[in-house]
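Listed below are the residues making up each chain.
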Amino acid sequence: MGPEPLLVSVIIPVFNGERFLAGAVASVLAQTHGRLEVLIVDDGSTDGSAAVARSFGARVRYHAQANRGPAAARNQGIRLATGSLLAFLDADDLWSETKLALQVPRLAENPAADVVLGRAQYLRPVDDAGATTGFAPWGEPRTALNLNCALARRQVFDRVGLLDESLFQCDDWDWFMRARELGVTLALHPEVVLRQRVHGGNITRDRERGNRFTLAMIQKSLQRRRQESGGPARALTRLAGQGSEPASVTSAAPVPKRPPRQEAD
Amino acid sequence: MVPDTRLRINRPQVIDETFADEAVVVNLANGNYYTLSRVGAEVWQCLEQGFAPARIVEELCARYAGPQAEIATAVAQFVDALLAAALVVPATDTDTPAPPPPALPSPAVPAPVRPAFQPPVMQEYTDMQGLLLVDPVHEVDETGWPNVKREGGTP
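### Observations concerning the packing of helix H1 (residues 39-48) of chain B against helix H2 (residues 53-63) of chain B
Residues and elements named next belong to chain B.
Argument step 1. Interaxial distance between H1 and H2 falls to 10 Å at its minimum, and their mutual angle equals 135 degrees. Classed by the angle they form, the pair H1 and H2 counts as oblique. Crossing of H1 over H2 shows right-handed handedness. Of H2, the residues touching H1 (which contributes Val-39, Glu-42, Val-43, Cys-46 and Leu-47) are Ile-56, Glu-59, Leu-60 and Arg-63.
Argument step 2. In terms of residue class, the contact of H1 with H2 is made up of six nonpolar, no polar and three charged.

As structure tokens, this is what we get:
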């Protein structure tokens, strides 16, 4: 008889997500991994999210709190989790059928990795006469710094810290940047593990907002790296599976003439 | 690079934002990101306004103390680096025309108080290749998050 599977704690934050919560939970419960702890952290929902969560009975743990935002809900889930491996899923998304079957062995086979990260397939609403009738794949699967695509060893949150609750969006982007700055080993893999619904209302506006968040996250990361080094921001180490080109910092500027340094003996 | 060649920011492939005294620029085609600090950010803002390199040199000469030839060389090298990184491309006739030069490029500071010219600096980072794709941001508002506003439907 083999060793007992590691307990995976799955944290599902929700705020007024009754429409898709049942599907999200079902996609977690359908995983073939033998030991799961499903934590639904309700961030003050005023719709039927609580009833949906409770409909799953003892298969899930339900925790309600006052509304404080998605990062606070995720953090509460991390505090409540008892598993040695942590995973996340937003209430309107779905895991692939094989997410944990793929990712748990990958972590086991790569003891140096703290986090494994798969790909997301985005889904856009399909409209018929002004009403959404379903969702269809949009674009190619993508690697993204999204906790819903990840499986993490619990201790990495002790090292990196929790999610920044001042960020109402992209809190996991920020967490991944901090993790990389600390040298946390992230291992990428190409399989799709997440089906992520995309709001179809205003793609241009969402893209512009996404661009602004991207730039702000990068600038924050650069600032932290400058503070750490006392000089130019260093490059982040390349991720396993990111590609063969080495990470580099290239400075393009005519270098002003300086007096030669005195070399130490 | 011919000093009078107009250039434009290579949008939408390139996104950028200016923070305090630096510009952060991302090339979404390859995931490389760049920080342009101090004078580099000023050059970037001039390019955004449609100024040709020769015009940018005039601007910097009005703001900083230093030999015009040195400033011109630094600008030319910096612009060549931006072109090589595909952050800027030559403007076409259909692009927005450059604004007419004002009587003074900017309030000319008397020579004794102008700071010394420092060459523009661009630092390139390649450690986010493959990751800097637009990750569609969930709609988040007071009614709920993640929030897909439309009715009905399951995948």
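Additional details are given in the paragraphs that follow.
### Quick look at the pattern of salt bridges
All names here are of chain A.
Argument step 1. Scanning the model with the defined rule gives 22 salt bridges over all chains in all.
Argument step 2. A salt bridge links Asp-174 to Arg-178; the nearest nitrogen and oxygen atoms lie 3.0 Å apart. Separated by four residues within a single helix, Asp-174 and Arg-178 lie in helix H6 (residues 171-181), roughly one turn from each other. Each member of the pair, Asp-174 as well as Arg-178, carries the same accessibility label: buried.
Argument step 3. Across the pair Asp-174 and Lys-220 runs a salt bridge, and its minimum N-O distance is 3.6 Å.

### A short note on the packing of aromatic side chains
Residue and element names in this part refer to chain A.
Argument step 1. Using the criterion set out here, one finds six aromatic pairs over all chains in the structure.
Argument step 2. Here Phe-157 and Trp-175 contribute two aromatic rings whose centre-to-centre distance is 4.7 Å and whose plane-to-plane angle is 25 degrees, an arrangement assigned as stacked. Here Phe-157 is found in helix H5 (residues 155-160), whereas its partner Trp-175 is found in helix H6, with 18 residues between them in sequence. By the burial criterion, Phe-157 is buried, and Trp-175 matches it.
Argument step 3. Look at Trp-175 and Phe-176: their rings are 5.4 Å apart centre to centre, the planes differ by 80 degrees, and that puts the pair in the edge-to-face class. Exposure class is identical for Trp-175 and Phe-176. Each is buried.
Argument step 4. Linked through ring pairs, Phe-88, Phe-157, Trp-175 and Phe-176 together constitute an aromatic cluster.
Argument step 5. We note Arg-197 situated over the ring of Phe-20; from NZ or CZ to the ring centre the distance is 3.8 Å.

### A look at the nonpolar core
Argument step 1. Formed by 75 residues in total, the largest nonpolar core has its most connected members in Ile12(A), Val115(A), Leu151(A), Phe157(A), Trp175(A) and Phe176(A).
Argument step 2. When sequence neighbours within four positions are dropped, the list of residues in contact with Ile12(A) reads Leu21(A), Val25(A), Val28(A), Val38(A), Leu39(A), Ile40(A), Val41(A), Leu89(A) and Ala91(A).
Argument step 3. Of all hydrophobic cores here, the second largest spans 31 residues; its members include Leu60(B), Val75(B), Phe78(B) and Phe117(B).

Rules behind the numbers
- The residue numbering used here restarts from 1 in each chain and proceeds along that chain's sequence as written.
- For naming, the first written chain is A and the first written ligand is 1, with later ones following in the order written.
- Note on the predicted model: pLDDT of at least 70 is required for a residue's local features to be given, and 80 or more for side-chain atom pairs to be given and counted; whole-chain, interface and lining totals, by contrast, use all residues.
- To get the side-chain values, all heavy atoms of the structure are used, and hydrogens and water are removed first.
- Axis lines are fitted to C-alpha atoms, over the contacting stretch for helices. Their N-to-C directions set the angle, which ranges from 0 to 180 degrees.
- Numbering of helices and strands starts at the N terminus; helices are DSSP runs of H or I of at least 4 residues and strands are runs of E of at least 2.
- Our angle categories are set so that under 35 degrees counts as roughly parallel, over 145 as roughly antiparallel, 65 to 115 as roughly perpendicular, and the remainder as oblique.
- With the far helix as reference, a near helix turned anticlockwise by less than a right angle produces a left-handed crossing, and one turned clockwise produces a right-handed crossing.
- In this analysis, two residues are considered to be in contact whenever any of their non-hydrogen atoms come within 4.5 Å of each other.
- When residue character is reported, Ala, Val, Leu, Ile, Met, Phe, Trp, Tyr, Cys and Pro are called nonpolar, Asp, Glu, Lys and Arg charged, and the others, Gly included, polar.
- Every case where a carboxyl oxygen of Asp or Glu lies within 4 Å of a side-chain nitrogen of Lys or Arg is listed as a salt bridge.
- The buried label goes to any residue with under 20% of its type's maximum accessible area, the exposed label to any with over 50%, and the partly exposed label to all in between, with areas taken from a 1.4 Å probe on protein chains only.
- Two rings from Phe, Tyr or Trp (for Trp, the six-membered ring) form a pair when their centres sit within 6.5 Å of each other. Planes less than 30 degrees apart are called stacked, planes more than 60 degrees apart edge-to-face, and all others tilted.
- Only lysine NZ and arginine CZ atoms are considered, and such an atom sits over a ring when it is within 6 Å of the ring centre and within 35 degrees of the ring normal.
- Within this scheme, the nonpolar core is defined by two criteria: the residues are buried Ala, Val, Leu, Ile, Met, Phe, Trp, Tyr or Cys, and they are joined through side-chain atoms within 4.5 Å.

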